[in-house]
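# What the coordinates show
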Amino acid sequence: GEITHFVAVTEDASQEKQAAAALETEAARRRELERIITLSPAVVFLWKAAPGWPVEYVSDNVRRWGYTPEELISGQVAYSSMVHPDDAARVAAEVEAYTQEGRSEFVQEYRMIDRSGGVRWLEDRTWLRRDASGRLTHFQGMVLDITERRRAEMALLESERNLAEAQRIARLGNWSLEWPSRRLQWSAESFVIAGLRPSREAPSFSTYLEMVHPEDRVGLDTALQESVVRDRPFDMEVRHRLPDGSWNHTQVKGQPVREGSRVVRIFGTLLDITDRKRAEQAQQSLTAGLRIVLQ
């Protein structure tokens, strides 16, 4: 009897060791996962589906924003209070709308206030958790700080605005002509120079040629053909008919672009030189008048 009893105890101990080893393995995996999350640029959240979005879990890398996991999990700092005041109502309305739509996930961009009072832009990818009855219980989020990306986007937008304004003042437009399809693309200022209202799409090349002075059409078409064949830029003056029936003077420049052995498009500029031409004509008239007087 003693031997039987001894064997039974040994089996129980073996099972306990296996269970302990499994728990340790799971704990090690969890620690490794948390380490990976902490080193990643994304902060992981688990919010309860309740007013203010109480935080049930947050990864340790939330410290990069100046907050600790303990502050958020204990409720000492409410997540909703971290959202920028100008974005709070929109974010709440979007969450409510997405929930009512029955979505399983959604993405939001909004600003948050870090511990130092700085403003950061976040990209929040959220998954909705529901219980067996379909009731929403939690929001699970992966929140990425995209502040630098937004700053770069804003800087690029500002640069584009400044460029557009500079082109407007200089009366300089850009254009691109695909070859050989001759599909034309214009900047906003190019429409103005050609006497058209800005639009999303440029006119066809044949329509554009109809706006060019008849004496300049052949020269422009020839310049384009030679630019492609000889793979060299061109520079010429072209007159456009304006809505009031007058003609402006434009300096048209083009540069072919190749892919491999063939030209695939021509990039160029339109520069309104009407004022300069008028000044030159006035100067010529004055000079001619002076010659007559002096004779």
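Before any of the text, the structure's been laid out above.
Here's a quick rundown of the structure. (Residues numbered from 1 in each chain as written. Predicted model: local features only at pLDDT ≥ 70, side-chain atom pairs only at ≥ 80, totals over all residues. Heavy atoms only, no water.)

A word on the environment of Trp186. Among the secondary structure elements, Trp186 is positioned in strand β7 (residues 184-186). Taking relative accessible area as the criterion, Trp186 reaches 13% and is therefore assigned buried. Note: C-alpha distance between Trp186 and Ser176 (10 residues apart in sequence) is 6.6 Å. Leaving out residues up to four positions away in the same chain, Trp186 has contacts with Asn174, Trp175, Phe191, Ala194, Leu196, Ala202, Pro203, Tyr208 and Met211. (Helix = DSSP H or I, 4+ residues; strand = E, 2+ residues; numbered from the N terminus. Buried < 20%, exposed > 50% of the residue type's maximum accessible area, 1.4 Å probe, protein only. Contact = heavy atoms within 4.5 Å.)

Take the sheet that holds strand β10 (residues 262-272) next. Ordered by their spatial adjacency, 5 strands build an open sheet running β7-β6-β10-β9-β8, and the pairing between neighbours is antiparallel. Two strands lie at the open edges of the sheet, namely β7 and β8 (234-241), each paired on one side alone. If you compare each strand with its neighbour and ignore which way they point, the axes differ by 25° on average. Sitting on the sheet, helix α8 (residues 214-230) touches β6 (172-178), β8, β9 (247-259) and β10, and the angle it makes with β8 is about 150°. (Pairing = 2+ DSSP bridges. Axes fitted to C-alpha atoms, helices over the stretch in contact; angles between N-to-C directions.)

A complete count under the given rule lists 8 aromatic pairs for this structure. Between Phe45 and Tyr79, the aromatic rings sit 5.0 Å apart at their centres with planes inclined by 65°, giving edge-to-face as the arrangement. On the criterion of sequence distance, the pair formed by Phe45 in strand β1 (residues 42-48) and Tyr79 in helix α3 (residues 79-82) is long-range, its members being 34 residues apart. Accessibility assignment for this pair places Phe45 and Tyr79 in one class, buried. (Phe/Tyr/Trp six-rings, centres within 6.5 Å; stacked < 30°, edge-to-face > 60°.)

So, on to the pairing of strand β4 (residues 119-130). The side chains of a regular strand alternate between the sheet's two faces. In terms of strand pairing, strand β3 (residues 105-113) meets β4 through 9 bridges, oriented antiparallel. The residue of β4 that forms the bridge with Tyr110 is Leu122. Counting the residues that bridge the hairpin from β3 to β4 gives 5 residues, and of these Gly117 lies at a positive phi of roughly 95°. Hairpin remark: β4 followed by strand β5 (residues 136-145), antiparallel, with 5 residues in the connecting loop; positive phi at Gly134, about 90°.

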